[in-house]
Number of protein chains: 2
Amino acid sequence: MERRFVLPVEEMPRRWYNLAADLGPCPPPLDPSTGKPMGPEKLAVLFPMALLEQEMSTERWIPIPEEVLEVYRLWRPTPLVRALALEHDLETPAEIWYKYEGVSPAGSHKPNTAVAQAFYNKREGVERISTETGAGQWGSALAFACDRFGIKCKVYMVRCSFEQKPARRSMMQTWGAEVTPSPSRETEAGRKVLTQNPDSPGSLGIAISEAVEVALGDKKTHYSLGSVLNHVLLHQTIVGLEAKAQMERMGVRPDVVIGCHGGGSNAAGFIFPFLQDKIGGRLEGLRAILAEPWACPTISKGVYKYDFGDTLGLTPLVKMYTLGSSFVPPAIHAGGLRYHGSAPMISHAVSKGLIEVQAWHQNEVFEANVRFARTEGIIPAPESGHAVKSAIEEALKAKAEKRKRVIAFNLSGHGLLDLSAYDAYLAGELVDYEYPQQAIDAALAKLPQVAEG
Amino acid sequence: MERRFVLPVEEMPRRWYNLAADLGPCPPPLDPSTGKPMGPEKLAVLFPMALLEQEMSTERWIPIPEEVLEVYRLWRPTPLVRALALEHDLETPAEIWYKYEGVSPAGSHKPNTAVAQAFYNKREGVERISTETGAGQWGSALAFACDRFGIKCKVYMVRCSFEQKPARRSMMQTWGAEVTPSPSRETEAGRKVLTQNPDSPGSLGIAISEAVEVALGDKKTHYSLGSVLNHVLLHQTIVGLEAKAQMERMGVRPDVVIGCHGGGSNAAGFIFPFLQDKIGGRLEGLRAILAEPWACPTISKGVYKYDFGDTLGLTPLVKMYTLGSSFVPPAIHAGGLRYHGSAPMISHAVSKGLIEVQAWHQNEVFEANVRFARTEGIIPAPESGHAVKSAIEEALKAKAEKRKRVIAFNLSGHGLLDLSAYDAYLAGELVDYEYPQQAIDAALAKLPQVAEG
């Protein structure tokens, strides 16, 4: 059997898959001032209409514009690889497959939606997109994408990352983006924070406020989000659709599909197309697993309620698994998984019992990552390592049960810009945080009160 | 026309191409103590016999062992991409194609030979391989390769890089290699240097001496080199063979092929398979170009003479273009191109008029790299940028001459671990070194005297 299969470029999927068509739409976002469902018109100042339509759509298939396909072809279709050496090392009867998204220019799955968002903004005459970024994965993907379409990109980067992690800042600047450490003096939100604390290291919450403020204040500037929203998850389904096509071509039928879980976009992108077949009865018995950190156990320890998407309470209220929007997770190396909520559509599927969750500590994730690197050769991103860990555990279960099982996971990015985290692990310096129950309880106690209809 | 073509995995070439079969062998290495040709037996203490046989072989095709193919399949075949956006930006009638080797786990072409070398060493019972590395590209490729075959890897890393560029050190350690800053106290060579200068920042020359010393002192340890030697160039021909197969499948006939030039391995790997067709008359008029830095203009300003491969004069004498083995190039960001010599087989082909050379300054290389990143999306390694620059110049020439021309180059690696160099360029802080004629003259004056037969 071949170890690796790359779909021919001409067979790359030309439509995204919308789970809402098969699962039903998730509960609507609510206007916090009225408690009533929020129409797209209120959000049109931030997002192009095409994306808002996708946000609300219940169409099963959304065509991918040719201009977006053309950029995808720079690195897509991505490989589907059988982890033969890892299987051998685990002495498992299970087959382990991984879909590798690290081959994109930005090194992760994030450009799948960044490119689409940049395209729709460009088509509607937007000249600039603002966004926030922590360690820089999302910012670099958006910088790359904006640059494809000749659109300006303004990134507010959390100041401590801006100063301590210059690599992704350089990537963004190389792709022509304007990167500003947040809090900045450019916005009212930033100045307010700096007045109180001139040495503020910044936070994602503050950076969001700055990015939204400049988009609200300028008709030619829109705002962009890299996860959570329906249209973001939709764009990521190219990952799972490709994987399905690859598996069909190789005669592989998955028993377990796995994605790491922060806001939910890479997991949804990989898992949703398989859920279609589970719902339709073509993949009965399929298990779908989200792998999240114990330091931020959104689904493992959260509640399924209406909450704000951001820390400051500027966004609409969305129904999702949440640890409370005031919850601040401990600083782990998998920065991309430090989000208090889970995408509404993921939460919807979890609430229907279609997806299960597993949670892991940093050290066991890095142990899995190093095991993967020493067998399969690729050094995974700290975030992706959570999926690696779940895949290994499932393979070991199959071994204990002496059963063949086909396990597939999304290796959402490489770790070449996170090698200091590997250093810390190899030096025995990584801290495992027990999940911060007290902080979670406190944040949950502050959840907004919403009368659900 | 499709923008990108990936050869199906099952069509990956299964043989390496040996240019010596069509060009004739290059002049033999000489024993510096006798001035006579050196047989393989003297080198068997450092290299496995299979590699020494490849070193001397004039067979046209050398089969790639299945075990090596199996590892190649982790990332090979690599893509061949039409640089449509770059062409558009240049408004050129030329077609520009690039072969992208940055998709390997180590991020460059280096694993193509590292994997083969690790395999042959393992097959002959070697338990450990020692090598030297500067910024770490070669060391990380060898660490990755050794780890595939369960063989130990000992890397002497130039101390200043070890301290200032921790990312590739972390990669090597993640793949299980033992990385030691050089000069070290582990070897006589290292201790000697440290006695004279306890704060020595190290150099590649010293690190080679340390790596060779431990291989000489231990029967189960061999030494490995990442460029220059015939067998290294041979293993890299998988790159050009794939590119040829891809072009044939797409109906593309190249007019110009380009590789960046340090020791010569990536350029040879890409160019040699095309030279076979040039020599055979099937690609008459094909131009092959080496792109090198003005800071280390080995072919542009060197002489074609017998010289030592290393700074300290420990290696056999080989006939090659050289700036003199005592020449120390200025510190440029393209560290992989800072070598005083050119591979004997490359030099042989240059001397026969089959390959031409172009040289570039740092700033124009980074200008080309940023242009490439802002059109094609991939951020090139500083070394690979020299090939990017030559490709752009050739495309602009085609534009000036109003002629269609097909230009293909090897994008030998990505620059994700070299982003600080992009920072320096964008900040206007890169220095362009005029080629150091005085230092070259001084080094050439010290060339060993060899009576050529």
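Please refer to the structure higher up on the page.
Read on for an overview of the structure.

About the cut-offs
- Residues numbered from 1 in each chain as written.
- Chains lettered and ligands numbered in written order.
- Predicted model: local features only at pLDDT ≥ 70, side-chain atom pairs only at ≥ 80, totals over all residues.
- Heavy atoms only, no water.
- Helix = DSSP H or I, 4+ residues; strand = E, 2+ residues; numbered from the N terminus.
- Rg over C-alpha atoms; globule rule 2.2 N^0.38 Å.
- Buried < 20%, exposed > 50% of the residue type's maximum accessible area, 1.4 Å probe, protein only.
- Contact = heavy atoms within 4.5 Å.
- Areas by Shrake-Rupley, 256 points an atom, 1.4 Å probe, with all protein chains shown as cover.
- Lys, Arg positive; Asp, Glu negative; His and termini not counted.
- Charge placed at Lys NZ, Arg CZ, Asp CG, Glu CD.
- Phe/Tyr/Trp six-rings, centres within 6.5 Å; stacked < 30°, edge-to-face > 60°.
- Least-squares fit on C-alpha atoms with pLDDT ≥ 70 in both.
- Salt bridge = Lys/Arg side-chain N within 4 Å of Asp/Glu carboxyl O.
- Axes fitted to C-alpha atoms, helices over the stretch in contact; angles between N-to-C directions.
- Parallel < 35°, antiparallel > 145°, perpendicular 65-115°, else oblique.
- Left-handed = near helix turned anticlockwise from the far one by under 90°.
- Nonpolar A, V, L, I, M, F, W, Y, C, P; charged D, E, K, R; others polar.
- Pairing = 2+ DSSP bridges.
- Right-handed = clockwise from strand over helix to strand, strands pointing away.

## Brief notes about the overall build of chain A
Here's step 1: Regarding its fold elements, chain A presents 18 helices and 15 strands.
Here's step 2: For chain A, whose C-alpha radius of gyration is 21 Å, the value lies close to the compact-globule estimate of 22 Å for 453 residues.
Here's step 3: Projecting the C-alpha coordinates of chain A onto the three principal axes gives extents of approximately 60 × 50 × 50 Å.
Here's step 4: A total of 453 residues make up chain A; the buried ones form 66% of that total.
Here's step 5: For chain A, contacts bridging at least 24 residues in sequence account for 76% of all contacts bridging at least 6.
Here's step 6: Looking at chain A as shown, the accessible area adds up to about 15800 Å², and 51% of this sits on carbon and sulfur atoms.
Here's step 7: Computed over 48 positive and 52 negative side-chain charges, the inter-centroid distance for chain A is 2 Å.

## Examining the packing of aromatic side chains
Residues and elements named next belong to chain A.
Here's step 1: As enumerated under the stated definition, the model contains 30 aromatic pairs over all chains in all.
Here's step 2: Centre to centre, the rings of Phe-366 and Tyr-425 are 6.1 Å apart; their planes meet at 25 degrees, and the pair counts as stacked. One end of the pair, Phe-366, is in helix 15 (residues 362-376); the other, Tyr-425, is in helix 17 (residues 419-426), with 59 residues separating them in the sequence. Taken as a pair, Phe-366 and Tyr-425 share a single burial class, namely buried.

## Section: the relation of the copies chain B and chain A
Here's step 1: Relative to chain A, chain B is turned by 180 degrees and slid 0.0 Å along the rotation axis, the superposed coordinates differing by an RMSD of 0.0 Å. In symmetry terms, the pair is related by a two-fold rotation axis. Scanning chain B for the C-alpha nearest the rotation axis identifies B:Val103, at a separation of 3.1 Å.
Here's step 2: Of the interface residues in chain B, 100% have counterparts in chain A that sit at the interface too, so the contact is made through matching surfaces.

## Things to note about the side chain of A:Asn121
Here's step 1: Considering the arrangement of structural elements, one finds A:Asn121 in helix 5 (residues 111-123).
Here's step 2: Look past the residues within four positions of A:Asn121 in its chain and what remains in contact with it is A:Pro48, A:Leu51, A:Val126, A:Ile129, A:Ile151 and A:His222.

## Points about the pattern of salt bridges
Residue and element names in this part refer to chain B.
Here's step 1: Under the definition given, this model contains 54 salt bridges over all chains.
Here's step 2: A salt bridge links Glu-66 to Arg-14, with the shortest nitrogen-to-oxygen separation between them at 3.8 Å. One end of the pair, Glu-66, is in helix 3 (residues 66-72); the other, Arg-14, is in the loop between strand 1 (4-5) and strand 2 (15-17), and 52 residues separate them in sequence.
Here's step 3: On the accessibility criterion, Arg-14 (43% relative accessible area) is partly exposed.
Here's step 4: The salt bridge partner of Glu-178 is Lys-154, with a shortest N-O separation of 2.8 Å. Pair noted here: Glu-178 is in strand 8 (residues 178-182) and Lys-154 is in strand 7 (residues 152-158), with a separation of 24 residues, a long-range link.

## Observations regarding the packing of helix 5 (residues 111-123) of chain B against helix 11 (residues 230-250) of chain B
Residues and elements named next belong to chain B.
Here's step 1: At a minimum axis distance of 8 Å, the contact between helix 5 and helix 11 shows a crossing angle of 125 degrees. Considering their axes alone, helix 5 and helix 11 lie oblique with respect to each other. In the packing of helix 5 onto helix 11, the handedness of the crossing is right-handed. Note on element contacts: helix 11 touches helix 5 through His-231, Val-232, His-235, Gln-236, Ile-238 and Val-239, opposite Asn-112, Thr-113, Ala-116, Gln-117 and Tyr-120.
Here's step 2: Of the residues belonging to the contact of helix 5 with helix 11, the class tally is five nonpolar, six polar and no charged.

## What to know about unusual backbone geometry
All names here are of chain A.
Here's step 1: For the bond running from Ser-182 to Pro-183, omega is 10 degrees, close enough to zero to count as cis.
Here's step 2: On the secondary structure map, Pro-183 appears in the loop between strand 8 (178-182) and helix 9 (188-196).
Here's step 3: The backbone of Val-228 shows a phi angle near 70 degrees, a positive value even though the residue is not glycine.
Here's step 4: With respect to the helices, strands and loops of the structure, Val-228 is situated in the loop between strand 9 (221-223) and helix 11 (230-250).
Here's step 5: Phi is positive for Lys-402, close to 50 degrees, though the residue is something other than glycine.
Here's step 6: Within the element layout of this structure, Lys-402 appears in the loop between helix 16 (384-400) and strand 15 (406-411).

## Side note on the sheet that holds strand 7 (residues 152-158) of chain A
All names here are of chain A.
Here's step 1: An order of 8-7-6-9 is seen for the four strands of this open sheet, with the pairing classed as parallel. Pairing within the sheet leaves two strands with one partner each, and these edge strands are strand 8 and strand 9. The sheet shows a mean angle of 25 degrees between the axes of neighbouring strands, taken without regard to direction.
Here's step 2: With six bridges joining them, strand 6 (residues 128-133) and strand 7 adopt parallel strand pairing. Looking at the pairing, Ser-130 lines up with Lys-154 of strand 7.

## Structural notes on the pairing of strand 6 of chain A
Residue and element names in this part refer to chain A.
Here's step 1: Burial of strand 6 is extensive: five of the six residues sit out of reach of the surface.
Here's step 2: A crossover links strand 6 with its parallel partner strand 7, the connecting element being helix 6 (residues 137-148), and its sense is right-handed.
Here's step 3: Looking at chain direction, strand 6 and strand 9 are connected through three bridges and run parallel. Considered in strand 9, the bridge of Ser-130 is made with Tyr-223.

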